[in-house]
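# Descriptive analysis of the structure
These are the residues of each chain, in order.
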Amino acid sequence: MCGANIDAVVAHANSVKIPGPGDKIFKDECVYSFDTPESESGLYICLKTFLGLGKDHLERHVRKTNSHLFLHHKQIKTERKSSSVEGDGPEKKITRLAIGTEGGFDPNGGKEYDITHEYSIVILPEFTVIPYPCDKLPDVVQKSAKKIIESDSATKIAELSALSGTWDGEIRSVSKHAAHLVQLDNGKKIPPSGWKCEKCDLDTNLWLNLTDGSIMCGRKFYDGTGGNNHAVQHYQETGYPLAVKLGTITKDGKGDVFSYAEDDMVEDPNLVAHLAHFGIKTSQMEKTDKSMVELELDLNQKFGEWAALQEASSQLKPIYGPGYTGLVNLGNSCYFNSLLQVIFTIPDFIQKYVDNAETIFNSNIPNPAEDFNVQMAKLGCGLRSGKYSKPPSSSADSPCTQEGISPNMLLNLIARGHPTFASKIQQDVQEYFLHFISVLQQNCKNSVDPSESFKFQVEERFQCSRSNKVKYLHRDEYCLPLPIPLEAAINKAEVEAFEQRKIEAEAKGAKLDPSDVVRPIVKLSSCLEALIKSETIDQFFSSAVNDKTTAFKTTKLSTFPDVLLLHVKKFKLREDWTPIKLDVSIDMPDTVDLSILRGNGLQPGEELLPETEGPPPVQFNEAILNELVNMGFPLEACKKGCFFTKNQSLEAATQWLMEHLSDSDFSDPFVPPGTSSQKASGFTPNQESVAMLMSMACVEENMAVAALKETNNNLEMAADLIFSNPDSLKEKIKQQNESSQDASSSQQPQFRDGGSQYKLVAFISHMGTSTMAGHYVCHILVDGQWIIFNDNKVAVSENLPKTLGYLYFYRRI
């Protein structure tokens, strides 16, 4: 069948390449769109560049590369009929608060599929098709196609490199009692079934105490189910710390172990031996009861913050079409999905990457799969076009569940070289936003920068307590952190009553129904007042008295951006330094006048502090500084800890660092209070990183500084830039030298500015107790109605949970 067109293949065979060890093969998805081998027209992989292309993008690629031979891949997926799984309990379902791990959230919803692959060689531009395999094809074409089919895709390789960490919301610490647990030789043997509580008639939710072998029922849950608290009472009477939930023990020696002494679910590495003491052979055990995580998941679907933010109790109406496209969760990428959904509703980003997409795609870019602007345009078009927003098949777990699009390429590109974002671990969306802005700016050096829509100038006013003279400093920011003054809650009496009920319930070994939770309600106006409240600054160097003194600092905004991002600082530290999330409601209005934040600079009657060369050099206690660095804190933050505690002690400096861990400038270069900051005066390289780059890469100081400037002081990314593209750095240094010679000393950074009236257009919410675990969703105001985007679930919002958000996006009216 293939003989007639072989001559046409031979005519183009000289351009065909066989993939080598260093070649990346993009065979999972089009580099310009989200067409895949499963799409109606399949995927075309170029035999010269190894780029995957959807049918709509072939003509451009042929024109730009003069490549004419492609391996066409069509993948057909057929769902298998359900079948029971032996030895895995009463039902096969989610058993862990995790994504991409066994027992965790399954992107396929637990479904299994049969996959059929169809291949052919296609000659462009005629679209001549030759079935593959075909032994009449030139040898180089056969080898190239074979190697492409057999090799891992570039996407898979990137994912494997990121699997050093995979978020698991239920990773448990090893119990301190496990290694030396005392087990009584009381002759007690536990049968393989027929268990019952020794103090009542319950035969479910039973716990085996690993010290004496007693079987008692567990706590009563807030929905009325569970036990009668006999296991808790047994611990209170005996002090025996560990118990395992019967029915959760599996063949591999795993099970739900609770430590009453540590008041938490724990790991017992010696569980097999501890069970054998009572005659239990784990190799013969099967899971027959729900684990604690399964029970928690069931309850979370009905009650609490998880249910509220996902609107789980509502009959959500699905919505499809342009602007209503879901994003697939790629293993804890919900923080990325939520942020980018919002980003591509902002006019500056739509104009840059959607309206201008064809211009970007037509640019002479050798590797579009690894070009930031191409991938941003690809995602923007994918989200806004509606091409990939279609009703699900009848087998979907929810009518709101779309197939969605997988933003693999952009996700990997933004995270490249970053020590945390390159992993599969859940991340803080606010930190990711700042990293995203940094990457965006690096790729918009000579073009329109849509991040300007977020940029605003902060005004810091310092007043010397001894001379009453003032100093004004300015810095640019992209996100405004909001403190939460719990003392300003408008329902204090109700909260105190709830807390008392909670204490009384816990004393009885019970828990309150989450639907009865009373959260403190704090108004946005109270948060704004706390933000601009005067703050006392110690060790302020006053040039008026030429000495350190105290000063009064107020923070306001010199400019108002087009889009103001408010970061509600919900995460705090307990007295024992463990992070907690404030369970609080913020009364966020639909529209707000932020004129209270406006700073107006030097006022009549104010006298400026005299300009000097600055304070004398700061002395740090090197011993304390080194100890802090060894504890894992950034060097610049350690300097601040020493400075603001006057080098008193390691404990005082550590306490200061823990209290300021969430500060936006925590890791910024240290500058004494009252002197110009790094953000105000321009880029300041990390000197340790400069020295390391000069030694490691054998480059001069200007190269090291330029690389750090391009990567915002990220050492790993700077090193990669030096080794991968030194010529571009040299060109940038040359351009900077030329521009600095021509630059006017009066030039100032430009900021957009306008009125103080804003409207809430989107918010991102976090579920869970830590930013490093849990889940993110976003709500966006689209054409007058609120839409919930929960990864690849998109629906009209019914019960808008806007008081429980984490990041709020206000657009100027």
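Structure report, in brief.

Cut-offs and rules
- Residues numbered from 1 in each chain as written.
- Predicted model: local features only at pLDDT ≥ 70, side-chain atom pairs only at ≥ 80, totals over all residues.
- Heavy atoms only, no water.
- Phe/Tyr/Trp six-rings, centres within 6.5 Å; stacked < 30°, edge-to-face > 60°.
- Helix = DSSP H or I, 4+ residues; strand = E, 2+ residues; numbered from the N terminus.
- Buried < 20%, exposed > 50% of the residue type's maximum accessible area, 1.4 Å probe, protein only.
- Lys NZ or Arg CZ within 6 Å of the ring centre and 35° of its normal.
- Pairing = 2+ DSSP bridges.
- Axes fitted to C-alpha atoms, helices over the stretch in contact; angles between N-to-C directions.
- Core = buried A, V, L, I, M, F, W, Y, C linked by side-chain atoms within 4.5 Å.
- Contact = heavy atoms within 4.5 Å.

## Some thoughts on the packing of aromatic side chains
Enumeration over the complete set of coordinates arrives at 20 aromatic pairs. Ring geometry for Phe763 versus Trp786: centroids 5.6 Å apart, planes at 55 degrees, classification tilted. Highlighted residues: Phe763 in strand E23 (residues 757–767) and Trp786 in strand E25 (residues 785–790), separated in sequence by 23 residues. Pair check on accessibility: Phe763 and Trp786 agree, each one buried. The side chain of Lys55 reaches across the aromatic face of Phe127, ending 5.3 Å from its centre. Over the ring of Phe751 we find Lys455; its NZ or CZ atom is 4.9 Å from the centre of that ring.

## Structural notes on the sheet that holds strand E9 (residues 257–259)
Taken in spatial order, the 5 strands make up an open sheet running E7-E6-E8-E9-E10, and their pairing is antiparallel. Either end of the sheet is taken by a strand with one partner, and the two such strands are strand E7 (215–217) and strand E10 (264–266). The mean inter-strand angle of the sheet, taken between neighbouring strand axes irrespective of direction, is 40 degrees. Where strand E8 (residues 242–245) meets E9, 3 bridges bridge the pair, whose relative direction is antiparallel.

## Some remarks on the nonpolar core
A general tendency of soluble globular proteins is for nonpolar side chains to be buried together. Core analysis: the biggest nonpolar cluster contains 101 residues, and Phe454 and Phe809 have the highest contact counts within it. In this structure Phe809 touches Leu339, Val342, Phe454, Val563, Leu564, Leu565, Lys759, Leu760, Val761, Ala762, Phe763 and Ile764, once residues within four positions along its chain are discounted. Counting residues in each nonpolar core, the second largest holds 30 residues, with Ala489, Phe560, Val568 and Ile586 among its members.

## Some remarks on the environment of Tyr324
Relative to the helices and strands, Tyr324 resides in the loop between strand E11 (317–318) and helix H9 (334–343). Counting along the chain gives 458 residues from Tyr324 to Val782, while the straight-line C-alpha distance between them is 9.1 Å. In this structure, Tyr324 is in contact with Ile319, Leu383, Ser389, Gln402, Val782, Asp783, Gln785, Ile787, Phe789 and Val794, ignoring residues within four places of it in sequence.

## Examining the sheet that holds strand E17 (residues 547–557)
The strands making up a sheet are joined through hydrogen bonds of the backbone, oriented either antiparallel or parallel. Sheet architecture is open: 4 strands sit in the order E13-E12-E17-E16, paired in antiparallel fashion. Strands with a single pairing partner mark the edges of an open sheet, and in this sheet they are strand E13 (470–477) and strand E16 (535–542). Here the average twist between neighbouring strands, direction ignored, is 35 degrees. Where E16 meets E17, 6 bridges bridge the pair, whose relative direction is antiparallel. Residue Ile537 lies in a different strand from E17, and its bridge partner there is Ala551.

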